[in-house]
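# Working through the structure, step by step
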Amino acid sequence: TDIQGTVEFKNVSFRYPDGQSNVLQNISFKVNKGETVAFIGSTGCGKTSLVNLITRFYDATSGEVLVDGYNVRDYKKDELSRKIGYVSQKAVLFSGDIQSNINFGDNDADISAIEKAISISQSEEFVKLQKNGLEAHVAQGGQNFSGGQKQRLSIARALARKAEIFIFDDTFSALDYKTDKILRNALKTKMKDSTCIIVAQRIGTIIDADQIFVIDNGEIVGHGTHKELLNTCDTYKEIAQS
Ligand code: CTP
Ligand code: MG
């Protein structure tokens, strides 16, 4: 069986090092290679905490987090980060130009990979409008770009790497509905061998996901496809109606 690009949580609980109580409780799930899997739930329910255990920004307090069948604790740090393309909830750009913002952390990224990433992330249109294209100036914090443009450039940065697993932490909520949809379609067709883990706020972003997990107060309270969850999960129904 093909374990490249898989993620598995086995009975994972997590408490922040300085925290009073668990923010994640008995989380178990399995993501197969090439799947798009979504986590949805209200603010503060634990979504960012959950994906941060995959990247090892934090370690699980109990249980096991596996990437490609191995416990994340057993990887060398750069070995794990090479497998994962991570887009944080808040887009981070630094002063320089567009190209250096995209190959940040990976000097091997070639220009065709960067151009493909610009195209999939739907950045092409506004990058082309810049006088200097990829060499256009980026101000500190990306202040000369809109919130949605910053998000798309941070998506491009992750895509330009040859990762097996992509994690998008609420990356699509800064985009309008149409751009969100086009971008996800491009991901689906052009990155179809990659595993995608998407944290989302709105149902529209995750409607086509292979598996959706509904998180409430640090626990999985629903699991299935969009259609299944509408019939089985009250929390999901509430989100769908909001
Ligand atoms: N938390 C904490 N210490 C941190 C980060 C978060 O104690 N360094 C707590 C938060 O106060 C919250 C819980 O952990 O009660 C879950 O936070 P988070 O995983 O960030 O929630 P999200 O579901 O990602 O919320 P949002 O949709 O607002 O991003
Ligand atoms: Mg979050």
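Residues numbered from 1 in each chain as written. Chains lettered and ligands numbered in written order. Predicted model: local features only at pLDDT ≥ 70, side-chain atom pairs only at ≥ 80, totals over all residues. Heavy atoms only, no water.

## Looking at the sheet that holds strand S5 (residues 70–71)
Quick note on the threshold: Strands were regarded as paired on the criterion that DSSP finds at least two bridges between them. Helix and strand labels come from DSSP, where a helix needs a run of H or I of at least four residues and a strand needs a run of E of at least two; each type is numbered from the N terminus. Every residue pair with non-hydrogen atoms within 4.5 Å of one another is taken to be in contact. Here the axes come from fitting lines to C-alpha atoms, over the contacting stretch only for helices, and the angles between their N-to-C directions go from 0 to 180 degrees.
Taken in spatial order, the four strands make up an open sheet running S2-S1-S4-S5, and their pairing is antiparallel. Among the strands making up the open sheet, the edge pair consists of strand S2 (24–31) and S5. Relative to strand S4 (residues 62–67), strand S1 (residues 7–14) is paired through five bridges, and the arrangement is antiparallel. Following the sheet pairing, Val7 is matched in S4 by Val67. Along the sheet, helix H1 (residues 47–54) makes contact with S1, S2 and S4, crossing S1 at roughly 120 degrees.

## With respect to the layout of surface pockets
Spelled out, the test is: Any residue with an atom within 4 Å of a point lines the site, the site being either a cavity, points on a 1 Å grid over the protein atoms alone where a 1.4 Å probe fits but cannot get out, or a pocket, an open set with protein on both sides within 12 Å along at least 5 of 7 lines. Grid points are joined across faces, edges and corners, and a volume is the space filled by probe spheres set on the points. Ten residue types, Ala, Val, Leu, Ile, Met, Phe, Trp, Tyr, Cys and Pro, are classed as nonpolar, four, Asp, Glu, Lys and Arg, as charged, and the remainder, Gly among them, as polar.
In this model, the second largest pocket occupies a volume close to 310 Å³. Lining the second largest pocket are 21 residues, with Thr36, Arg184, Lys188, Asp208 and Ala209 positioned closest to its centre. Residue assignment for the lining of the second largest pocket shows that the elements contributing at least two residues are helix H7 (177–190) and strand S10 (195–200). Examining the composition of the lining of the second largest pocket, we find that six residues originate from one element, H7, more than from any other. Of the residues in the lining of the second largest pocket, the class split is eight nonpolar, six polar and seven charged.

## Here we look at the pattern of salt bridges
Here is the rule we go by: The working definition used for a salt bridge is a side-chain nitrogen of Lys or Arg within 4 Å of a carboxyl oxygen of Asp or Glu. Only protein chains enter the calculation, and the probe is 1.4 Å; a residue is then buried if its accessible area is under 20% of its type maximum, exposed if over 50%, and partly exposed in between.
According to the stated counting rule, one finds seven salt bridges in the structure shown. Note that Glu164 and Lys83 form a salt bridge whose closest N and O atoms lie 3.4 Å from each other. Separated by 81 residues along the polypeptide, Glu164 in the loop between helix H6 (147–159) and strand S9 (165–169) and Lys83 in helix H2 (residues 77–83) bring together distant segments of the chain. Assigned by exposure class, Glu164 and Lys83 land together as buried. Note that Asp180 is salt-bridged to Arg184, the shortest N-O span being 2.5 Å.

## Looking at the sheet that holds S10
Taken in spatial order, the six strands line up as S6-S9-S10-S3-S11-S12 in an open sheet, and their pairing is mixed. Edge positions in the sheet fall to strand S6 (84–87) and strand S12 (219–224), since each has one partner strand and no second. Along the sheet, successive strands turn relative to each other by an average axial angle of 15 degrees, direction set aside. Pairing of strand S3 (residues 36–40) with strand S11 (residues 211–216), which is carried by four bridges, proceeds in the parallel orientation. Bridging across to S11, Ile40 finds its partner in Val214. Against the sheet, helix H9 (residues 234–241) engages S3, S11 and S12, with an angle of about 95 degrees to S11.

## A closer look at the coordination of the magnesium ion (ligand 2)
When four donors bind a metal tetrahedrally, each ideal donor-metal-donor angle is 109.5 degrees, and when six bind octahedrally, the ideal angles are 90 or 180 degrees. For the record, the criterion: Here a donor is any nitrogen, oxygen or sulfur atom (N, O, S) within 2.8 Å of the metal, with 3.2 Å used for Na, K and Ca; water is not among the atoms considered, so some sites may look incomplete.
Protein coordination at the magnesium ion (ligand 2) comes from Thr48 (OG1) and Gln89 (OE1), with a distance range of 2.0 to 2.4 Å. Note that Thr48 is positioned in helix H1 and Gln89 in the loop between S6 and strand S7 (96–97), a separation of 41 residues in sequence.

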